[in-house]
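Given next are the chains, with one letter for each unit.
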Amino acid sequence: MARLRKAAKIWAKPNARELAGQVMIADDGPVFAINPPAIFGRRAPLEIEIGAGKGEFIIERAGTRPEHDFLAIELSAAVTRVLAVRCGRAGLENLRVARIDGRTLVNLLLADASVAAYHVYFPDPWPKGRHLKHRLFTPPFAAGIFRTLEPGGIAYIATDVREYAGEIFAMIEGAGFIRAAELAPGARQTGFARKYLAAGKAVYSASFRKPARATSPR
Ligand SMILES: C[S@@+](CC[C@H](N)C(=O)[O-])C[C@H]1O[C@@H](n2cnc3c(N)ncnc32)[C@H](O)[C@@H]1O
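We now turn to the structure provided with this report. Because the structure is predicted, anything quoted here is derived from the model rather than measured.

Topic: the layout of surface pockets
So, step 1. Roughly 1000 Å³ of internal volume is contained in the largest pocket.
So, step 2. In terms of lining residues, the largest pocket is bounded by 44 residues, among which Arg 3, Gly 51, Gly 53, Glu 74 and Asp 124 are the most central.
So, step 3. Among the elements that take part in the lining of the largest pocket, helix H5 (residues 77-90) stands out by supplying six residues, more than any other.
So, step 4. Each residue belonging to the lining of the largest pocket can be placed in one class, and the counts come to 23 nonpolar, eight polar and 13 charged.

Written as structure tokens, this is what we have:
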């Protein structure tokens, strides 16, 4: 509730909608599809953060990589608003925000081999058995990540839940990815990462590369 109250307060500020409007991709058309060259007005490697929260990581990363384009997506309407205001405030040409379920984006709205990197940090673990269906990671989702990444593209993942980490990493490898040596850059940088690390919690992170020779989805 405190989170929602804070989001409403930010949204009520005089220039909030204007700032958010600079980066929000409209979702009120008859068909909502993601066409990165149309959104960014150029062709550049695309990095997507799924469940970007308040954007601590992606704002910083987009600012330091102007040659890449960045899409921050969020499921929660309240969080998306805060994210959009913060991204709008950053004033970056290469950063956009959309409110969308990451599963819909990956499974239906992105073309094959259209993404250079995915970032997924601290996806909700939904620990109760009856809530497992809400989890982001499933084998079809992992297959969608594989399909939409370009050959050589990379998926960065972190979670604070050891069992979920094991399940996610197994699903990702099962989809055809090879574990990579790179550190997941958001694993120490997102809002939740900073909170967990400050509290002394363990963080489980890894990166996975789609083989450069992969031509079609498995
Ligand atoms: C635990 S928070 C982590 C936020 C951020 N990644 C961080 O590390 O600070 C998980 C976020 O994922 C979002 N989320 C949950 N399910 C999602 C989905 N299916 N698609 C997109 N975002 C989702 C939630 O709204 C929430 O903001």
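A closer look at the site of the ligand
So, step 1. Taken together, 18 residues lie near the ligand, and Gly 51, Glu 74, Gly 102, Tyr 121 and Thr 190 sit nearest.
So, step 2. Contacts to the ligand include Phe 192, whose backbone N or O atom sits 2.9 Å from an oxygen atom.
So, step 3. Taking 600 Å² as the accessible area of the ligand by itself, protein coverage stands at 92%.
So, step 4. More than half of the atoms belonging to the ligand lie within 2 Å of the grid points that define the largest pocket.
So, step 5. For the shell around the ligand, the secondary structure elements donating two or more residues are helix H6 (102-109) and helix H9 (191-198).
So, step 6. In the shell around the ligand, the residues fall into six nonpolar, six polar and six charged.

What about unusual backbone geometry?
Phi is mostly negative for residues that are not glycine, and the peptide bonds are mostly trans.
So, step 1. Positive phi, close to 50°, is recorded for Ala 113, a residue that is not glycine.
So, step 2. As for its placement among the helices and strands, Ala 113 is situated in the loop between H6 and strand S4 (115-121).
So, step 3. Despite not being glycine, Phe 122 shows a phi value in the positive range, around 60°.
So, step 4. With respect to the helices and strands, the residue Phe 122 is situated in the loop between S4 and helix H7 (139-148).

Some thoughts on the sheet that holds strand S2 (residues 69-74)
So, step 1. The strand order across the open sheet built from seven strands is S3-S2-S1-S4-S5-S7-S6, with neighbouring strands paired in mixed fashion. At either margin of the open sheet sits one strand with a lone partner, and together these are strand S3 (95-99) and strand S6 (178-180). The sheet shows a mean angle of 20° between the axes of neighbouring strands, taken without regard to direction.
So, step 2. Where strand S5 (residues 149-159) and strand S7 (residues 204-209) come together, six bridges link them in antiparallel fashion.

Comments concerning empty space enclosed by the protein
So, step 1. Applying the stated criterion to the full structure yields one cavity of 30 Å³ or more.
So, step 2. Of the volumes computed, that of the largest cavity is approximately 30 Å³.
So, step 3. For the largest cavity, the full set of lining residues is Tyr 118, Val 120, Phe 137, Ile 145, Ala 155, Tyr 156, Ile 157 and Ile 172.
So, step 4. Every element with two or more residues in the lining of the largest cavity is listed here: S4 and S5.

Cut-offs used in this document
Residues numbered from 1 in each chain as written. Predicted model: local features only at pLDDT ≥ 70, side-chain atom pairs only at ≥ 80, totals over all residues. Heavy atoms only, no water. 1 Å grid on protein atoms, 1.4 Å probe; cavity = no way out; pocket = protein on both sides within 12 Å on 5 of 7 lines; lining within 4 Å. Points joined across faces, edges and corners; volume = space filled by probe spheres on them. Helix = DSSP H or I, 4+ residues; strand = E, 2+ residues; numbered from the N terminus. Nonpolar A, V, L, I, M, F, W, Y, C, P; charged D, E, K, R; others polar. Near = heavy atom within 4 Å. Polar contact = N/O pair within 3.5 Å; in protein donor to acceptor, adjacent residues only side chain to side chain. Areas by Shrake-Rupley, 256 points an atom, 1.4 Å probe, with all protein chains shown as cover. Sits in = over half its atoms within 2 Å of the grid points. Pairing = 2+ DSSP bridges. Axes fitted to C-alpha atoms, helices over the stretch in contact; angles between N-to-C directions.

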